[in-house]
Amino acid sequence: MTSTLEARELVVVREDRRILDGASILVPPGEAVAIQGPSGSGKSTFARALATLLEPDAGAVLLGGLDAQRIAPTQFRTRVAFLAQQPAMFEGSVLRNLEAGPQVHGKSLGDVRASELIRAVGLDEPILQREARTLSGGEKQRVALARALANEPEVLLLDEPTAALDPDAGERIVALLRELRARGLSVVMVTHEEAHARALGGTLYRCERGRLAIDS
Amino acid sequence: MSYAHITLPRLLLSLALIAVAIALSRRSRLGLERDLVWGALRGAAQLIAVGYVLLLLFNHEHPAWVILLLAVMLAVAAATAARRVEHGPPRTVLFPRAIVAIGAGTLVAVVPVFAAVVPLHPWYEARYLVPISGMMLSNAMNVVALVFERIFASARSEADQVEALLALGATPRQALERQVRATLRAALLPTINGLLTVGLVALPGMMTGQIVSGTPPEQAVRYQIVILYQLVAVAAVAGMVAVGFARRLLFTARAQLVLPRN
């Protein structure tokens, strides 16, 4: 079961600059949405506001029609998983990283589920025992995806997941996101790369000067 | 009680020790001469002043005066702990919180001891209350300063980790747990080291003072043991309270990390 994720007229002002100037978006259940725009256009700020990691000065984020203000942040962020551009790896093995999400909710992950998750992001099981901080950029991105999936989210929200990767690794991540969407997850990807935005499939929004518009 | 009197000329003689440090500083071009002179004069002036304050207090022992003096000591300790926190909020924000943290730590350590271990007659007996509270305030001050300094710095340098945990649905408490643990360990370590090395490396100041002024060593030792245990309680409570404040300053009500801008 996935829910609609929506942002209505988000405004973020920092030091007298309107970084977001009434940005809105609608992500129907199971849909893919790419947000493309040049650097400095406000798209990363938008992603963080949509993830409720940043409080907008005006506007609202809604999940399943309910204002995010009325959903506990811990619950919202379990349902909407956010991945930063260069996801931070926690100290310890990849397995420890995968366990982090369930652990904060007082659950345990289990070895079988850990193996499933790592395979779902296109990695092999031996990597579970490796030190997470020694992985390559592409591997870290995948581990972060698996770590987010361990919470069984409804929406994946990714900020520039391909920006720090070489072209091949970037394309493989986009393909993986398409796969996850096919399994019923909603996917929102922020990117400055036109090709990746198109490759995701689904709706394409352009971000310019803090506003979003559907690319027709 | 008998002890060797320090006459004024003899006191001035001790300035030669500062002269040694100044000579070394000049020879090695450390540039510390001014600080040494200023520090030596200021330290002496502060101590002489407090000596007169204590004399006055002992002669006119009244609860209001004792409490006033303790309040001034608390304010100075809090102002010191709240200043120069490089990655933290401004001192105006930290100062009231430092007052509460240092005050809470000191109360927890001082009240039960004076109620049950070293009963005072009357309860505001300045001879005990002022110096022992001073030691507690000073330890709490150091712990709170360390906590503020470290927790804001590590929240900044590890912001991506903290946010990654928040993004996984962690509460602010869970997201900052690692940094809090490291901070409290670092802040409590000097006090714990003090416990481990006491008597082996140095005789503590108060015990030395008591022995010099004629208290039987076995009583001086007992006093010192009580004080050491008090210092531990002070450090733990003041550190915990300061961490609690820091956590509230680092997150919004909606569990968003906000790094203080300075």
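Please refer to the structure placed before this passage.
It should be emphasised that the depicted structure is a prediction, and the values quoted were computed from it without experimental measurement.

Q: Give me the lowdown on helix α9 (residues 177–197) of chain B, citing residues and values where you can.
A: Residues spaced three or four apart along an α-helix point in a common direction, a consequence of the helix completing one turn every 3.6 residues. Residue and element names in this part refer to chain B. Given a rise of 1.5 Å per residue, 21 residues ought to cover 30 Å, and the 30 Å separating the end C-alpha atoms of α9 matches this to within 8%. Along α9, the helix axis deviates most sharply at L189, where the bend reaches about 40°; the proline P190 sits within four residues downstream. Where α9 is concerned, the buried positions are Q179, V180, T183, L184, A186, A187 and T191.

Q: So what about the sheet that holds strand β2 (residues 17–27) of chain A? Which residues, and what values?
A: Residue and element names in this part refer to chain A. The four strands are arranged β2-β1-β4-β5 in an open sheet whose pairing can be described as antiparallel. Looking at strand neighbours, the two that pair on one side only are β2 and β5 (66–67), the edges of this open sheet. Inspection of the sheet shows strand β1 (residues 5–14) paired to strand β4 (residues 58–63) by five bridges, in the antiparallel sense. Paired with A7 across the two strands is V61, which belongs to β4.

Q: Please give an account of a positive patch on the surface that cites residues and values.
A: Together, R42, R83, R84 and R91 of chain B line one region of the surface with positive charge. Of the residues examined, R84 of chain B reaches a relative accessible area of 68% and is grouped as exposed.

Q: Break down the interface of chain A and chain B for me, with residues and values.
A: On the side of chain B, 17 residues touch chain A, which itself brings 26 residues to the contact. Of the roughly 1900 Å² buried between chain A and chain B on both sides combined, carbon and sulfur atoms contribute 49%. A salt bridge links E163 of chain B to R48 of chain A; its shortest N-O distance comes to 2.6 Å. In this assembly, chain A and chain B are joined by 13 residue pairs in polar contact (both at pLDDT 80 or more). Breaking the side of chain A that touches chain B down by element, the ones donating at least two residues are α2 (73–79), α3 (94–104) and α5 (137–149) of chain A.

Q: Any details on the pattern of salt bridges? Residues and values, ideally.
A: Side chains that carry opposite charge are capable of pairing whenever their charged atoms lie near each other. All names here are of chain A. Considering all chains together, one arrives at 21 salt bridges over all chains under this definition. Here K43 and E160 are joined by a salt bridge, their closest N and O atoms 3.5 Å apart. Pair noted here: K43 is in helix α1 (residues 43–50) and E160 is in the loop between β7 (155–159) and α6 (167–182), with a separation of 117 residues, a long-range link. Across this residue pair, the class does not change: K43 and E160 are buried. R198 is the salt-bridge partner of E194, the closest N and O atoms lying 2.9 Å from each other. Placement of both E194 and R198 in helix α7 (residues 194–199) is noted, with a separation of four residues, approximately one turn of the helix. Classification of E194 by relative accessible area gives partly exposed; the value is 32%. Classification of R198 as partly exposed rests on a relative accessible area of 48%. A network of salt bridges, in which partner residues are shared, links E194, R198, R206 and D215.

Calculation notes
Residue positions are given per chain, counted from 1 along the sequence in the order it is written. Lettering for chains starts from A, numbering for ligands starts from 1, and both go in the order in which the items are written. At least 70 in pLDDT is required for a residue's local features to be given in this predicted model, at least 80 for side-chain atom pairs to be given and counted, and no such filter applies to totals for whole chains, interfaces and linings, which use all residues. Just so you know, side-chain values use all the structure's heavy atoms and leave hydrogens and water out. Secondary structure elements are taken from DSSP: a helix is a run of H or I of four residues or more, a strand is a run of E of two residues or more, and numbering for both begins at the N terminus. Residue count minus one, scaled by 1.5 Å, sets the expected span of a helix. To get the bend at any residue, fit one axis to the seven residues that end at it and another to the seven that begin at it, then take the angle between the two axes. Accessibility here uses a 1.4 Å probe with only protein chains present; expressed as a share of the type maximum, an area under 20% marks a residue as buried, one over 50% as exposed, and anything in between as partly exposed. Should DSSP find at least two bridges between two strands, the strands are taken to pair. To count toward a patch, a residue needs a relative accessible area over 30% and no salt bridge; like charges are then connected within 9 Å, while nonpolar side chains (Val, Leu, Ile, Met, Phe, Trp, Tyr) are connected within 5 Å. Values of accessible area rely on a 1.4 Å probe in the Shrake-Rupley scheme; residue burial ignores everything except the protein chains shown. Any Lys or Arg side-chain nitrogen located within 4 Å of an Asp or Glu carboxyl oxygen qualifies as a salt bridge. Positive: Lys, Arg. Negative: Asp, Glu. His and the chain ends are not part of the count. The location of each charge is read from NZ of Lys, CZ of Arg, CG of Asp or CD of Glu. Contacts are assigned to residue pairs with any non-hydrogen atoms lying within 4.5 Å of each other. Two parts placed together each lose some accessible area under a 1.4 Å probe, and adding up what both lose gives the buried area. In protein, a polar contact means a hydrogen-donor-capable atom and an acceptor-capable atom, both N or O and within 3.5 Å, with residues adjacent in sequence counting only if both atoms are side-chain atoms; elsewhere, any N or O pair within 3.5 Å suffices.

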